[in-house]
Amino acid sequence: MSKPAVPFPPEDELYSNAWAKDIFKGKVVFCTGGAGTICSGQVRALVSLGANAAILGRREANTKAVAAEIAKVRPGSKVLGFGCDVRDYNSLVGAVEATVQELGGIDFLICGAAGNFLSTIEGLSSNAFKTVIDIDLLGSYNTVKACLPELRKSRGRIIFVSATFHYTGTALQAHVGAAKAGIDALSHTLSIELGPAGITSNVIAPGAIANTEGMERLAPRNMIPEDMKKNPAKLNPLGRWGTVSEVADATIFLFSEAGRYVNGVTLVVDGGSWRNSNSIANFLYPTIFQPGATDFDFMTTKGAK
Ligand code: HXC
C-alpha cells in the first residue's frame with residue numbers, strides 16, 4: 001500500500017478529552033475532500049468515537065490509502081475510500097450507493113472538497129474562476145443532492161467546510177472567496193428547507209490550521225514578513241495557528257447530541273483571527289499594551305509562553 005500523501009500532523013491529538021468514547025457508534029459519515037489533512041482529521045476523530053466512514057478524493061489510490069490509515073484508529077471500524085470528482089454528479093451517486101450497500105446509510109455529511117491557488121484577478125482566466133466555483137460550490141451542491149435521500153431517512157446532519165477570508169476581503173482569492181460565500185449561502189438555505197425533515201446544516205470555517213497542505217502551499221512560512229514573526233498576535237489574538245484536532249472538536253460538537261439544536265450557523269475555528277483584521281488599534285495593541293506579547297512560539301500550535 002502506498003504511503004498516504006497527507007500524513008496526520010505529528011504534534012496533533014485526535015480531539016480534546018471532552019467526548020465520551022462511543023458517541024458515534026452505529027453512525028456513518030460521508031466526506032468529500034476526505035483525503036486532505038483537515039477533513040481526514042475530522043473523519044478520523046469521528047471514527048475513533050465509533051462511526052464508520054466513506055471518504056472521497058480525486059486521487060483514488062491516495063484516498064484508499066488514507067481511508068486505510070483512518071481505520072487503524074479504531075479496530076473493527078470500516079472506512080471506505082472512493083476516487084471521485086465532486087464536479088461529476090453521477091460519480092457521487094455511485095459512491096453514495098456503494099456506501100449505503102456497505103455501511104447501511106449516511107448520517108453525517110461533510111462537504112470538504114476544495115480547490116485553491118493564489119491569483120490576481122488579471123491572472124485568473126474565466127476557466128480558472130469556474131474551476132474553483134465548480135469544485136467548491138457546485139461540488140457541494142452535487143454532494144448534498146446525491147446524499148439527500150439518505151439524509152432524509154436518517155434525519156442527518158450536514159457540515160460544509162468553508163473559510164473566513166470572504167468576510168472581509170482577501171487579495172488573490174477572488175475565486176475562492178466567491179465560492180466560499182456561495183457555500184455559506186447554500187448552508188443557510190438548507191437549514192431552512194431541510195430543518196422540517198430533522199436535518200441540520202451548518203458551516204465550519206477554519207482559520208489558519210498548522211501542518212496542512214493548504215497552509216504549506218498558500219502561506220509558506222518563509223514568506224511571512226519579519227515584523228509579523230516578531231508579533232504573531234498581529235496575525236492571531238491567540239498568537240498561534242490552529243490544529244486539525246480543534247477543527248475535529250467543532251465537528252464532533254455539531255454532529256453530537258450536544259449540537260442537536262444548532263442549525264444554520266457558522267462555527268468559526270480561527271482563534272479570533274478574522275475579528276482582528278480591520279482596526280489599526282488591533283494591530284498596535286500587541287506591541288504597545290502587552291509587554292511580552294511578542295514572546296510567542298511563532299508558526300507552531302503552542303502559542304503564548
Ligand atoms: C492561475 C490557474 C492556476 C494558478 C490553475 N489555474 N492554477 N490560474 N493561477 N496558480 C487555471 C488553469 O490554467 C486552468 O485555466 C484552470 O485553472 C483549471 O486548471 P486545471 O489544472 O485544469 O484544473 P484541475 O486539474 O481541476 O485542478 C484544480 C485546481 C488545482 C484547483 C486548479 O489547484 C487543484 O486541484 N488543487 C488541489 C486541491 C486544493 O487546492 N486543495 C487546497 C484546498 S485548501 P485555463 O484558462 O488555462 O484553462 C483551501 C484552504 C486554504 O482551500 C487556506 C490557506 C490560507
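These figures come from a predicted structure and were not determined experimentally. (Residues numbered from 1 in each chain as written. Predicted model: local features only at pLDDT ≥ 70, side-chain atom pairs only at ≥ 80, totals over all residues. Heavy atoms only, no water.)

As for the pattern of salt bridges
Okay, so step 1: Under the criterion given, the structure shown has 9 salt bridges.
Okay, so step 2: For Arg74, the salt bridge is made with Asp22, and the minimal N-O distance between the two is 2.6 Å. You can see Arg74 sitting in the loop between α2 (60-71) and β3 (79-83) and its partner Asp22 sitting in the segment before β1 (28-32), a full 52 residues away along the chain.
Okay, so step 3: For Asp136, the salt bridge goes to Lys180, with nearest N and O atoms at 3.7 Å. Here Asp136 is found in helix α4 (residues 126-154), whereas its partner Lys180 is found in helix α5 (residues 174-194), with 44 residues between them in sequence. (Salt bridge = Lys/Arg side-chain N within 4 Å of Asp/Glu carboxyl O. Helix = DSSP H or I, 4+ residues; strand = E, 2+ residues; numbered from the N terminus.)

As for the side chain of Ser201
Okay, so step 1: Assignment of secondary structure puts Ser201 in strand β6 (residues 200-206).
Okay, so step 2: In contact with Ser201, other than residues within four places in its own chain, are Ile158, Phe160, Ser187, Leu190, Ser191, Asn263, Gly264 and Val265. (Contact = heavy atoms within 4.5 Å.)

A word on unusual backbone geometry
Okay, so step 1: Phi at Arg155 is positive, roughly 50 degrees, even though this residue is not glycine.
Okay, so step 2: Assignment of secondary structure puts Arg155 in the loop between α4 and β5 (157-161).
Okay, so step 3: Backbone geometry places Leu172, a non-glycine residue, at a positive phi of 70 degrees.
Okay, so step 4: Structurally, Leu172 can be placed in the loop between β5 and α5.

Things to note about the sheet that holds strand β2 (residues 52-57)
Within a sheet, neighbouring strands are paired by backbone hydrogen bonds and run either parallel or antiparallel to one another.
Okay, so step 1: Read across the open sheet, the 7 strands follow the order β3-β2-β1-β4-β5-β6-β7; overall the sheet is parallel. Two strands bound the open sheet, and with one partner strand each, they are β3 and β7 (266-269). When strand polarity is set aside, the average angle formed by the axes of neighbouring strands in this sheet is 15 degrees.
Okay, so step 2: The sheet contact formed by β2 and β3 spans 5 bridges and is parallel. Paired with Leu56 across the strands is Phe82, a residue of β3. (Pairing = 2+ DSSP bridges. Axes fitted to C-alpha atoms, helices over the stretch in contact; angles between N-to-C directions.)

Observations concerning the site of the ligand
Okay, so step 1: In the region of the ligand, 16 residues are neighbours, and Arg58, Asn116, Ser125, Asn127 and Arg217 sit closest.
Okay, so step 2: One nitrogen or oxygen atom from the main chain of Asn116 is found 2.9 Å from an oxygen atom belonging to the ligand.
Okay, so step 3: At a separation of 2.9 Å, an oxygen atom of the ligand approaches a polar side-chain atom of Asn127.
Okay, so step 4: The protein chains hide 56% of the 1,100 Å² of surface that the ligand would expose on its own.
Okay, so step 5: The element best represented in the shell around the ligand is α4, accounting for 4 residues. (Near = heavy atom within 4 Å. Polar contact = N/O pair within 3.5 Å; in protein donor to acceptor, adjacent residues only side chain to side chain. Areas by Shrake-Rupley, 256 points an atom, 1.4 Å probe, with all protein chains shown as cover.)

Quick notes on the nonpolar core
Okay, so step 1: Phe24, Val43, Leu46, Ile70 and Ile252 are the most contacted members of the largest nonpolar core, which has 37 residues in total.
Okay, so step 2: Put simply, the parts of the chain that give this core at least two residues each are β1, α1 (37-48), β2, α2, β4 (108-111), β5 and α8 (244-255).
Okay, so step 3: With 7 residues, the top contributor of residues to this core is α8.
Okay, so step 4: Beyond its immediate sequence surroundings of up to four residues, Ile70 is in contact with Phe8, Ser40, Val43, Arg44, Val47, Ile55 and Val79. (Core = buried A, V, L, I, M, F, W, Y, C linked by side-chain atoms within 4.5 Å. Buried < 20%, exposed > 50% of the residue type's maximum accessible area, 1.4 Å probe, protein only.)

Considerations on the packing of α4 against α5
Okay, so step 1: Closest axis-to-axis distance for the α4/α5 pair is 8 Å, and the angle between their directions is 20 degrees. As judged from the angle between their axes, α4 and α5 are roughly parallel. Crossing of α4 against α5: the hand is right-handed. Packed against α4, whose contacting residues are Phe129, Val132, Ile133, Asp136, Leu137, Ser140, Tyr141, Val144, Leu148 and Arg152, the element α5 presents Ala174, His175, Val176, Ala178, Ala179, Lys180, Gly182, Ile183, Leu186, Leu190 and Leu194 at the interface. (Parallel < 35°, antiparallel > 145°, perpendicular 65-115°, else oblique. Left-handed = near helix turned anticlockwise from the far one by under 90°.)

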